[in-house]
Amino acid sequence: MGKLLAVALVGIAAALAAERLLAFRSRLNASREVAPVSLPNCRLIKGIETGSEDIDILPNGLAFISSGLKYPGLKSFAPDKPGEIFLMDLNEDNPRAVELRISRGFDLASFNPHGISTYIDRDDTVYLFVVNHPHQKSTVELFKFVEDDNSLVHLKTIRHDLLTSVNDIVAMGPDSFYATNDHYFSDFLLMFLEMFLGLTWSNVVYYSPKEVKEVAAGFYSANGINISPDRKYIYIADVLDHNVHVMEKHANWSLTHVKTLQLDTLVDNLSIDPHTGDIWIGCHPNGMKLFHYDPENLPASEVLRIQSILSEQPVVTRVYADNGSVLQGSSVASTHQGKLLIGTVFHRTLFCHL
């Protein structure tokens, strides 16, 4: 009887593992191949060779770019090189990337930038919030941008017990923001187990000096986050659930769910066109290729544009797609006056005229 029970338990465990493996492969879109969609006027930006994971563009056309992310389980072409923040002026005919100088006293050696967000104060001061992973921890670094000498002045480092595995951020004020935690755990093995088991323990946190609280939960992996131009709605991308959540923002900073738009790709960072309200998304058509990097089978890139997401019939357009021969692992797409920047987790940056 004991042997029979042992065999039964082993069989149940094997069946459960097989089911979890199939579900995991489904969440990674492991079998998907993307059909190419080309844009006619594109070029790779010189000087950005190790990623451009997130991009935020000011209304005046200045684009901030985070580069050099080292993230557990993902490829890095320069694992020992500190991260950087680049600036591009999209008003120029042929914009180039310029590395921003960071003020003394900041630990550049461990700088590992991830998601970024800008905030313009009433006195026109530009603040840059940067998700940072020094020594694989999570902090939020607050900088002041000094345009005259292309520099960032470090103001403070924000840490909190609720900011455990921060991916992206959207600034609400000069010292407040919403942030996504893409995993419950911060240890790599536990993070993988969390993904493999399909645990929905990822969340969104609101932070201010006076209050820190969870405002949304139940995500497989909350990733990109942004705000509508009228500042009434927060958009959250769940990369492993292939969807974008629309949340209504309330006066007390709490969020309530409005709708979810299901897609067929792994959605990363969200950028908002301030004039149309369109959502531009850098996507991963096949997450397995992203996590299991193979030079002979490169991770593809994909850019989606979502129009009228609050309507009953949002319009989803595939603007760009590449099999990795030009651009690997797209993570963000941001526009300004007919110009498009496509960033990647660990590869190059593509600049296009739409």
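In this numbering scheme, every chain counts its residues from 1 along its sequence in written order. Reporting in this predicted model follows two pLDDT cut-offs: at least 70 for local features of residues, and 80 or more for side-chain atom pairs to be given and counted; totals over whole chains, interfaces and linings ignore these cut-offs and use all residues. Computation of side-chain values: all heavy atoms of the structure, hydrogens and water removed.

**Q** Give a description of the overall build of the protein that names residues and reports values.
**A** Numbering of helices and strands runs from the N terminus, with a helix taken as a DSSP run of H or I at least four residues long and a strand as a DSSP run of E at least two residues long. Across its full length, the protein carries three helices and 25 strands. In this treatment the radius of gyration is a C-alpha quantity, and the globule benchmark scales as 2.2 Å times the residue count to the 0.38 power. Its C-alpha atoms give the protein a radius of gyration of 20 Å, within 12% of the compact-globule value 20 Å for 354 residues. Along the first, second and third principal axes, the C-alpha atoms of the protein reach 80 × 50 × 50 Å. Whether a residue is buried, partly exposed or exposed follows from its accessible area with a 1.4 Å probe, protein chains only, as a fraction of its type maximum: under 20%, in between, or over 50%, in that order. Taking all 354 residues of the protein together, 56% fall into the buried category. Long-range contacts, defined as pairs at least 24 residues apart, comprise 53% of the intrachain contacts of the protein with a sequence gap of at least 6. Element-wise, carbon and sulfur atoms account for 53% of the exposed surface of the protein, whose accessible area totals about 15,900 Å². Across the protein, the centroid of the 29 positively charged side chains sits 2 Å from that of the 41 negatively charged ones. Contact criterion: two residues are considered in contact whenever any of their non-hydrogen atoms come within 4.5 Å of each other. Where accessible areas are quoted, they stem from the Shrake-Rupley method and a 1.4 Å probe; at the residue level, only the protein chains shown are allowed to cover. When charges are counted, neither His nor the chain ends are considered; positive counts come from Lys and Arg and negative counts from Asp and Glu. Here the site of a charge means NZ on Lys, CZ on Arg, CG on Asp, or CD on Glu.

**Q** Let's hear about the environment of Thr-180: which residues, and what values?
**A** With respect to the helices and strands, Thr-180 occurs in strand β12 (residues 176–181). On the basis of relative accessible area, Thr-180 is assigned to the buried category, the value being 0%. It is 7.0 Å that separates the C-alpha atoms of Thr-180 and Ile-225, two residues lying 45 residues apart in sequence. Ignoring anything within four residues of it in the chain, the contact list for Thr-180 reads Ser-165, Val-166, Asn-167, Asp-168, Asn-203, Val-204, Ala-222, Asn-223, Gly-224, Ile-225 and Ile-236.

**Q** Mind laying out unusual backbone geometry, listing which residues take part and the relevant values?
**A** Apart from glycine, the bulk of residues carry a negative phi angle, and the bulk of peptide bonds sit in the trans form. Look at Asp-124: it is not a glycine, yet its phi comes out positive at around 70 degrees. Looking at where Asp-124 falls in the secondary structure, it is placed in the loop between β7 (113–120) and β8 (126–132). By relative accessible area, which is 61% here, Asp-124 ends up exposed. A positive phi angle, near 55 degrees, is found at Ser-308, a position not held by glycine. Take Ser-308: it is sitting in the loop between β21 (301–307) and β22 (315–322).

**Q** Before we move on, could you go through the packing of aromatic side chains and cite the residues and values that matter?
**A** Put simply, two rings from Phe, Tyr or Trp (the six-membered ring, in Trp's case) pair if the centres are within 6.5 Å, and we call them stacked under 30 degrees between planes, edge-to-face over 60, tilted for the rest. Evaluation of the coordinates by the stated rule reveals 18 aromatic pairs. When the ring of Tyr-184 is compared with that of Phe-185, the centres are 5.0 Å apart and the planes differ by 90 degrees; the resulting orientation is edge-to-face. For Tyr-184, a relative accessible area of 49% corresponds to the partly exposed category. Consider the rings of Phe-185 and Trp-201, whose centres lie 6.1 Å apart with planes at 55 degrees: the pair is tilted. Here Phe-185 is found in the loop between β12 and α2 (188–197), whereas its partner Trp-201 is found in the loop between α2 and β13 (202–207), with 16 residues between them in sequence. Phe-185 sits in the partly exposed class, given a relative accessible area of 24%. One aromatic cluster is present, built from ring pairs that chain together Phe-24, Phe-192 and Phe-196.

**Q** Now, about the state of the cysteines: what can you tell me, with residues and values included?
**A** To count as a disulfide, a pair of cysteine sulfur atoms needs to be within 2.5 Å. Considering all chains together, one arrives at one disulfide under this definition. Unpaired in terms of disulfides, Cys-283 finds its nearest cysteine sulfur in Cys-352, a separation of 15 Å.

**Q** Please set out the pairing of strand β4 (residues 84–89) residue by residue, giving values where relevant.
**A** Counting buried residues along β4, five of its six residues qualify, which places the element largely inside the surrounding structure. Strand pairing follows a simple DSSP-based rule, namely that at least 2 bridges must link the two strands. With six bridges joining them, strand β3 (residues 62–67) and β4 adopt antiparallel strand pairing. What sits directly across from Phe-64, in β4, is Leu-87. As paired strands, β4 and strand β5 (residues 98–99) are joined by two bridges and run antiparallel to one another.

**Q** How would you explain the UniProt feature "glycosylation site" (unreviewed entry) in the protein if you had to name every residue and give the values?
**A** Sequence positions flagged by UniProt for "glycosylation site" (unreviewed entry) are, in local numbering, Asn-269 and Asn-323. Of the annotated residues named above, the ones that line the largest pocket are Asn-269. Within the secondary structure, Asn-269 is located in strand β19 (residues 266–272). Those residues in contact with Asn-269 that sit more than four places away from it in its chain are Glu-53, Asp-54, Asn-167, Asp-168, Asn-223, Gly-224, Trp-280, Ile-281, Gly-282, Ser-331 and Val-332. Beyond its immediate stretch of four places on either side in the chain, Asn-323 contacts Leu-298, Pro-299 and Ala-300. Pairing of N or O atoms within 3.5 Å defines a polar contact, subject to two protein rules: one partner must be a possible hydrogen donor and the other a possible acceptor, and residues neighboring in sequence count only if both atoms are side-chain atoms. At 2.9 Å, the side chain of Asn-323 forms a polar contact with the side chain of Ser-325. UniProt positions are given in the numbering used here, feature names are shortened, and annotations may be inferred rather than shown by experiment. Detection works on a 1 Å grid of protein atoms alone, calling trapped sets that fit a 1.4 Å probe cavities and calling open sets with protein on both sides within 12 Å along at least five of seven lines pockets, with lining residues defined by an atom within 4 Å of a point.

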